[in-house]
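Coordinate analysis (summary)
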Amino acid sequence: MFLTIAVPTYNRAEKLAHVLECLAGNLLDGVQILVLDNHSSDHTPEIVDRYKNGLLRGRLSCFRHSINIGMCGNIMRCFEYASSEWLWILGDDDEPIPEAVSNIHAALNACPQADYFNFATDILDYNFSTGIVDFRARRESSHVTTGLYDFIDGIDCFANLIFMSSGLYRVNAFQKHVQSAYSFMHTLIPHITLLLLRLQDDPSASCVFSNVPTVKWKPSPTSWSYDIYCNHVMFS
């Protein structure tokens, strides 16, 4: 198996169903989907069972936590449970494009030595200050970095970097750092902490900032508030 598509989820049954529906007809051989259910109280288990016994029979597995371990804990579990060479963590409310898996496969063939890929999204073209598309950081071509400092210099859009669904990870390159990354869950971007730990550990590790997409992105209609932070981030 070359790719695990891990979908951490909590109480978003219908959104999860849409993600699974989008993936169902666009998988390649050697691709497995893993849903990590953070002890949802809605009908998420029924959605998972429907696809396990239907369109994704033999392709979908699910791990349901016995308690809610928090959003970041659920993300980190993806690295522990992935059994493939590569891991794509896909948000349960992020819509994969039909060519997503094919684009990932092509990117891996083009740069087989890389440990991490950051795929392009519409975040690159979106101005969060004005709320309009102004092509402020359009990624005209892919570029490769080596080591931590070259990676930092190569970041063209921090928002696109921390967007979880834009990242692809070589599993065995990161697993030794998972325990340390748990110490940084308060950052709310433990997947990026894990990446930085890997790059700090191995100066020869390479990363690819790809100009091809894997998901559709649109700005959230909800603005930030403390209540949303507590209800979604701490308990999702």
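The following paragraphs examine the structure supplied in this document. Predicted, not measured: the structure shown is a model, and the values here were computed from it.

1. Concerning the pairing of strand β6 (residues 116–120)
Among the five residues of β6, five are classified as buried, and the element is accordingly described as predominantly covered. As paired strands, β6 and strand β10 (residues 167–170) are joined by three bridges and run antiparallel to one another. Its bridge partner lying in β10, Tyr116 is registered against Tyr169. Taken together, the four bridges between β6 and strand β11 (residues 206–213) define a ladder with parallel strand orientation. Pairing of Asn118 across the sheet is with Phe209, part of β11.

2. Focus: helix α9 (residues 190–201)
Taking 1.5 Å per residue as the helical rise, α9 with its twelve residues ought to reach 16 Å, and the 16 Å between its terminal C-alpha atoms agrees with that figure. Burial runs high along α9: nine of the twelve residues are buried. Pro190, His191, Ile192, Thr193, Leu194, Leu195, Leu197, Arg198 and Leu199 are the residues of α9 that are buried.

3. Points about the packing of aromatic side chains
Summed over all chains, the structure comprises eight aromatic pairs. Summarising the aromatic geometry, the rings of Phe63 and Tyr81 are spaced 4.7 Å apart at their centres and angled 45 degrees between planes, so their arrangement reads as tilted. Of this pair, Phe63 sits in strand β3 (residues 60–64) while Tyr81 sits in helix α3 (residues 71–81), and the two are 18 residues apart along the sequence. For Phe63, a relative accessible area of 35% gives the class partly exposed. Classification of Tyr81 by relative accessible area gives partly exposed; the value is 31%. Ring geometry for Phe79 versus Tyr169: centroids 5.0 Å apart, planes at 80 degrees, classification edge-to-face. Taken together, the residues Phe79 in helix α3 and Tyr169 in strand β10 connect sequence positions 90 residues apart. Exposure remark for Phe79: the relative accessible area of 1% places this residue in the buried category. Ring pairs connect the aromatic residues Phe79, Tyr116, Tyr169 and Phe174, which therefore count as one cluster.

Cut-off values and rules
- Within every chain, residues take consecutive numbers counted from 1 along the sequence as written.
- Given that this is a predicted model, residues contribute local features only at a pLDDT of at least 70 and side-chain atom pairs are listed and counted only at 80 or more, while totals for whole chains, interfaces and linings are drawn from all residues.
- Water and hydrogen atoms were dropped before computing side-chain values, which therefore reflect all heavy atoms in the structure.
- Buried, partly exposed and exposed residues are distinguished by accessible area as a fraction of the type maximum, computed with a 1.4 Å probe on protein chains only: under 20%, between the cut-offs, and over 50%, respectively.
- Numbering of helices and strands runs from the N terminus; a helix is a DSSP stretch of H or I covering at least four residues, while a strand is a stretch of E covering at least two.
- DSSP calls a pair of strands paired once it identifies at least 2 bridges connecting them.
- Between the first and last residue of a helix there are one fewer steps than residues, each counted as 1.5 Å, and that sum is the expected span.
- Ring pairs are drawn from Phe, Tyr and Trp, using the six-membered ring of Trp, whenever the two centres fall within 6.5 Å, and their geometry is named by plane angle: stacked under 30 degrees, edge-to-face over 60, tilted for the rest.

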